Amino acid sequence: MTRDLLRLVTAGSVDDGKSTVVGRLLYDTKSVLGDQIDAVRRASVQRGLDTPDLALLVDGLRAEREQGITIDVAYRYFSTARRTFVLADTPGHVQYTRNTVTGASTADHAVLLCDAGKGMLPQTRRHLAVMAMLDVPGLTLAVNKMDLVDFAEDVFLEIRDAFVRQALDLGYAADRVLAVPVSALTGDNVVTASPRTPWYDGPTLLERLESVEVDRAADEGAFRMPVQYVLRDQRDGYRGYAGQVAAGSVRAGDEVVVLPDGVRTVVEQIDSPDGGVPVAARGSAVSLVLRDQVDIGRGDLIASVARPPEVTDQLDATVCWLGDTPLEAGARLLLKHGTRTTAAQVTELISRFDEQRLSVVARPSALNLNDTGRVRVQVAKGLPVDGYTECRTTGTFILINRSDGNTVGAGLIGDPMSAFVGMATPSHSPSR
């Protein structure tokens, strides 16, 4: 039986117990091997603990274990009878917000953590804004450490109400947001319902994750496949264009367009690692054989003729700045879009988003580390782009430092911030 897949991202402020919640999910769903539990027990004893520190199941780096913090994105996989999960556990420190952006960029649902004794913190609001900007479809707030506030209902309700208000202000529908009172240390309401919260009649955290709907819009959208490699066999003249389907689906016989040049042709054959297939859907790694001899290379995009992306060399985009050196207008960088890398220049800083006040600062002089802002970017050659909400792959890009190759920015096509703050400037959506 094929189980539904849910891609999760977890985020929270420092010491909210995020890794412990994830560890509890893995432990209580029996998704951890015996030798891993034994290693955690030994490490816990060395740290003077009487019970296993389940956070160590996630905090795999030596530096993380020594410091007791999460500093990288840790991916974990687990399954229940109802669903398979891919979980990205992201850091809590402000300076690692860039990792949160990475984890959220492919997520179907976000679990945010909040310490019941501290309530909503600035970093919690920052993570909420990141999830909204990246269009993560649904949110669950795990109000953790309820045991430290004697499982008080009024404490939970105050935090829940503040969280829901912020989420609604960011554009989430009420049925896409839920808060759950938990204690990861003791397991209350994580996998098993707790008798210590008789006033709470909602699902446990796991029940919530098993039941949330997965947005399949990308499966039903227009076909997109960035070309990663050209496969040739001189003996029989085989020429296939390999890549992963980013959106929609393609069948043998479909007419497609190769971008940015705009040449049209027809898909004659679809090959997979297991042989020929009649259709390839989103996520499939395939090689397409085309009817005509077309000049195609890595970085090109094969797309649906009926709904092609716009080819443009001027990007109106929202960027989360990840570099230690501030971004200023005029900066020359490399821009990676899909499988193509090209020279780029940031020609204008239009606005900076204040995620705490849900407001914007017009014409900022610079974007600093972890700032989010709207920018205009000139690229050396036209790129086939969609609005981010239409296709994540063709609607996103990264900015790279030309001198050292480090990633310094994550961008998406469009202006989601305008929906948060009621700006008069319209969101960019490629013309059709």
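As a reminder, the structure under discussion sits directly above these lines.
Residues numbered from 1 in each chain as written. Predicted model: local features only at pLDDT ≥ 70, side-chain atom pairs only at ≥ 80, totals over all residues. Heavy atoms only, no water.

Asks: Looking at this model, I keep getting lost on the pairing of strand β12 (residues 263–272). Mind explaining?
Replies: For a regular strand, side chains alternate in direction, first toward one face of the sheet and then toward the other. Bridge count for strand β11 (residues 255–259) against β12 is 4 bridges, and the pairing is antiparallel. From the neighbouring strand, Val-258 faces β12, where its bridge partner is Val-263. A loop of 3 residues connects β11 with β12, the two strands running antiparallel in sequence, and Gly-262 in this loop sits at a positive phi of about 85°. Bridge count for β12 against strand β15 (residues 285–290) is 4 bridges, and the pairing is antiparallel. Opposite Val-267, over in β15, you have Leu-290 as the bridge partner. Where β12 and strand β13 (residues 275–276) come together, 2 bridges link them in antiparallel fashion. By the bridge assignment for β13, Ser-272 is matched with Gly-275. Counted along the chain from β12 to the antiparallel partner β13, the turn is 2 residues long. (Pairing = 2+ DSSP bridges. Helix = DSSP H or I, 4+ residues; strand = E, 2+ residues; numbered from the N terminus.)

Asks: How do you make sense of the packing of aromatic side chains when you look at a structure like this?
Replies: Here the distance between the centres and the angle between the planes together describe a pair of aromatic rings. Counted under the stated rule, the structure contains 3 aromatic pairs. A ring pair is formed by Phe-156 and Trp-199, whose centres lie 5.6 Å apart and whose planes are at 40°; its orientation type is tilted. One end of the pair, Phe-156, is in helix α6 (residues 153–169); the other, Trp-199, is in the loop between β6 (177–181) and α7 (205–211), and 43 residues separate them in sequence. Relative accessible area serves as the criterion here: at 3%, Phe-156 is assigned to the buried category. With a centroid separation of 6.2 Å and an interplanar angle of 80°, the aromatic rings of Phe-156 and Tyr-200 are classed as edge-to-face. Here Tyr-200 lies in the loop between β6 and α7 and Phe-156 lies in helix α6, a separation of 44 residues in the sequence. Connected via pairs of aromatic rings, a cluster forms that spans Phe-156, Trp-199 and Tyr-200. (Phe/Tyr/Trp six-rings, centres within 6.5 Å; stacked < 30°, edge-to-face > 60°. Buried < 20%, exposed > 50% of the residue type's maximum accessible area, 1.4 Å probe, protein only.)

Asks: Could you clarify how one ought to interpret the nonpolar core in this entry?
Replies: Counting residues in each nonpolar core, the largest one holds 41 residues, and the members touching the most others are Met-131, Leu-134 and Tyr-172. Within the residue set of this core, elements represented by two or more residues are β1 (4–12), α4 (97–104), β4 (109–115), α5 (122–133), β5 (138–144), α6, β6 and β23 (407–413). Top element by residues in this core is α5. It accounts for 6 residues. Look past the residues within four positions of Leu-134 in its chain and what remains in contact with it is Val-101, Ala-104, Ser-105, Tyr-388, Arg-392 and Leu-412. With 23 residues, the next largest nonpolar core counts Leu-25, Leu-87, Ala-142 and Leu-206 among its residues. (Core = buried A, V, L, I, M, F, W, Y, C linked by side-chain atoms within 4.5 Å. Contact = heavy atoms within 4.5 Å.)

Asks: Explain the pattern of salt bridges to me, please; I cannot follow it from the model alone.
Replies: A pair can form between side chains of opposite charge whenever their charged atoms are brought close. This structure, assessed with the given rule, holds 14 salt bridges. Among the ionic pairs, Arg-160 bridges to Asp-161, the shortest N-O distance being 3.0 Å. Judged by its relative accessible area of 31%, Arg-160 is partly exposed. A salt bridge links Asp-415 to Arg-374; its shortest N-O distance comes to 3.7 Å. Remark: Arg-374 occurs in strand β21 (residues 372–385) and Asp-415 occurs in the loop between β23 and α9 (417–421); sequence separation between them is 41 residues. Among the charged side chains, a salt-bridge network with shared partners connects Asp-316, Arg-374 and Asp-415. (Salt bridge = Lys/Arg side-chain N within 4 Å of Asp/Glu carboxyl O.)

Asks: So what exactly am I meant to see when it comes to empty space enclosed by the protein here?
Replies: Leftover empty space is mapped by rolling, across the atoms, a probe with the size of a water molecule. This model, assessed by the stated rule, comprises 2 cavities of 30 Å³ or more. Here the largest cavity defines a volume of roughly 80 Å³. Around the largest cavity, the lining comprises 10 residues; the ones closest to its centre are Arg-126, Val-130, Glu-355, Asn-370 and Thr-372. For the lining of the largest cavity, the leading source of residues is α5, giving 4 residues. If you add up the space inside the second largest cavity, you get close to 60 Å³. Every residue lining the second largest cavity is listed: Pro-226, Gly-299, Asp-300, Leu-301, His-337, Gly-338, Thr-339, Arg-340, Pro-384 and Thr-394. By residue class, the composition of the lining of the second largest cavity is 3 nonpolar, 5 polar and 2 charged. (1 Å grid on protein atoms, 1.4 Å probe; cavity = no way out; pocket = protein on both sides within 12 Å on 5 of 7 lines; lining within 4 Å. Points joined across faces, edges and corners; volume = space filled by probe spheres on them. Nonpolar A, V, L, I, M, F, W, Y, C, P; charged D, E, K, R; others polar.)

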